[in-house]
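# Inside the fold
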Amino acid sequence: MLDKTKKILIVDDDSRMRELLHRYLTEQGFGVKTVHDSKEMDLALMGDEFDLLVLDLMLPGEDGLTICRRLRGVNFTTPIIMLTARGDEVDRIVGLEMGADDYLPKPFNPRELLARINAVLRRHEHSPESENANKSEAFSFGEFVFDANTRSLSKSGAPITITSGEFTLLKVFTEHPRQPLSRDRLMQLARGRELDVFDRSIDVQVSRLRRIIETDPAHPRYLQTMWGFGYVFIPDGESS
């Protein structure tokens, strides 16, 4: 059974970059639409649904970080890959904190962007294979219920929207309760060999997840830090 063509929206004010990515990604089988700023992006999102957003950080008017924060603030869950001409670690970390799923500094080889797009889409997609492989019941902790089969998280019955990165990380933690996991092990379990990840990206994802499930993220109850090692997930109602 053939899958539908994945649709990608590219937001970049560089006309040559838009033309290059449009041609290359179309040749790879994607449906591609390009726009040059946030106003055109909003119109495109109102008129169609996209499977992934490629968003430049440096844009005229509303910049990429502000756009990302705005979209995530209204429960926009479509994966976002951010592009930037600046390679500063601070920019990358801020982008991830705003809700981006991945980050790629310019200049880059289009093949690297393609690899990252495919990796992000695989993480975001709920494949039939993973659904058949995971027949376990929903995982409950505290007031939360997490169901990997339906990709859903709820608190006291109220649904909570989470990004693909947050879903993947929470899935790893619920599959390994009370098991101390190093950062390297978390990256391996959460992303496998799909793409290279930066050392602090897991810390950023954990921080974002804590803001969702912790009453006091500064003093986490569930996602506890093991200093100098990594993290451990401690659900309610289980003995040490």
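Above this note sits the structure.
One structure accompanies this document, and this report is about it. (Residues numbered from 1 in each chain as written. Predicted model: local features only at pLDDT ≥ 70, side-chain atom pairs only at ≥ 80, totals over all residues. Heavy atoms only, no water.)

Counting its secondary structure elements, the protein contains nine helices and twelve strands. Taking the intrachain contacts of the protein between residues at least 6 apart in sequence as the baseline, contacts between residues at least 24 apart amount to 60%. Of the roughly 12,500 Å² of accessible surface on the protein, a fraction of 50% belongs to carbon and sulfur atoms. (Helix = DSSP H or I, 4+ residues; strand = E, 2+ residues; numbered from the N terminus. Contact = heavy atoms within 4.5 Å. Areas by Shrake-Rupley, 256 points an atom, 1.4 Å probe, with all protein chains shown as cover.)

Strand order across the open sheet formed by three strands is β10-β12-β11, with antiparallel pairing between neighbours. With one partner strand each, in any of the chains shown, β10 (181-182) and β11 (223-226) form the two edges of the open sheet. Sheet topology places β10 next to strand β12 (residues 230-233); two bridges connect them, and they run antiparallel. Directly across from Leu-181, in β12, lies its bridge partner Tyr-231. (Pairing = 2+ DSSP bridges.)

Tracing the backbone shows Val-32 in strand β2 (residues 31-35). When the C-alpha atoms of Val-32 and Phe-50 are compared, they prove to be 9.1 Å apart, with 18 residues separating the residues in sequence. Not counting chain neighbours up to four residues away, the residues in contact with Val-32 comprise Ile-8, Ile-10, His-22, Leu-25 and Thr-26.

A few words now on the sheet that holds strand β6 (residues 139-141). Across the sheet, which stays open at both edges, the four strands sit in the order β6-β7-β8-β9 with antiparallel pairing between neighbours. Where the open sheet ends on each side, the last strands, each with one partner, are β6 and β9 (158-160). On average, each strand axis in the sheet is tilted by 25° relative to the strand beside it, whichever way the strands run. Note: strand β8 (residues 152-155) against β9, three bridges, orientation antiparallel. Each residue of the ladder has a partner; that of Leu-153, found in β9, is Ile-160. Those strands touched by helix α7 (residues 164-175) are β6, β7 (144-147) and β8, and its axis lies near 100° from that of β7. (Axes fitted to C-alpha atoms, helices over the stretch in contact; angles between N-to-C directions.)

Below, the discussion takes up the packing of helix α2 (residues 38-47) against helix α3 (residues 64-73). For the pair α2 and α3, interaxial distance at closest approach is 12 Å and the crossing angle is 30°. Taken as axis vectors, α2 and α3 run roughly parallel relative to one another. As for how α2 packs across α3, the hand of that crossing is right-handed. Contact residues: Ser-38, Met-41, Asp-42 and Leu-45 in α2; Ile-67, Arg-70 and Leu-71 in α3. Here the contact of α2 with α3 is composed, by residue class, of four nonpolar, one polar and two charged. (Parallel < 35°, antiparallel > 145°, perpendicular 65-115°, else oblique. Left-handed = near helix turned anticlockwise from the far one by under 90°. Nonpolar A, V, L, I, M, F, W, Y, C, P; charged D, E, K, R; others polar.)

Moving on, we come to the pattern of salt bridges. What the rule picks out here adds up to twelve salt bridges. Notably, a salt bridge pairs Arg-183 with Asp-203, separated by 2.8 Å at the nearest N-O pair. Placement of Arg-183 in helix α8 (residues 183-191) and of Asp-203 in helix α9 (residues 201-213) is noted, with a sequence separation of 20 residues between them. A relative accessible area of 25% places Arg-183 in the partly exposed class. Shared partners join several salt bridges into a network, and the residues in it are Asp-12, Asp-56 and Lys-106. (Salt bridge = Lys/Arg side-chain N within 4 Å of Asp/Glu carboxyl O. Buried < 20%, exposed > 50% of the residue type's maximum accessible area, 1.4 Å probe, protein only.)

Once that is clear, we can look at the packing of helix α1 (residues 15-27) against helix α5 (residues 110-124). Packing of α1 against α5 leaves a shortest axis separation of 11 Å and a crossing angle of 60°. Between α1 and α5, the interaxial angle falls into the category oblique. The handedness of the crossing between α1 and α5 is right-handed. Counting all contacts with α1, which are made through Leu-20, Leu-21, Tyr-24 and Leu-25, the residues of α5 involved are Pro-110, Arg-111, Leu-113, Leu-114 and Ile-117. Broken down by class, the residue content of the contact of α1 with α5 amounts to eight nonpolar, no polar and one charged.

Attention now moves to the pairing of β12. Pairing analysis gives four bridges linking β11 to β12, with the strands arranged antiparallel. In the strand pairing of β12, Met-226 is matched with Gly-230. Taking the residues between adjacent antiparallel strands as the criterion, β11 and β12 are bridged by three residues, where Gly-228 takes a positive phi near 80°.

Geometric values such as these leave the question of function open.
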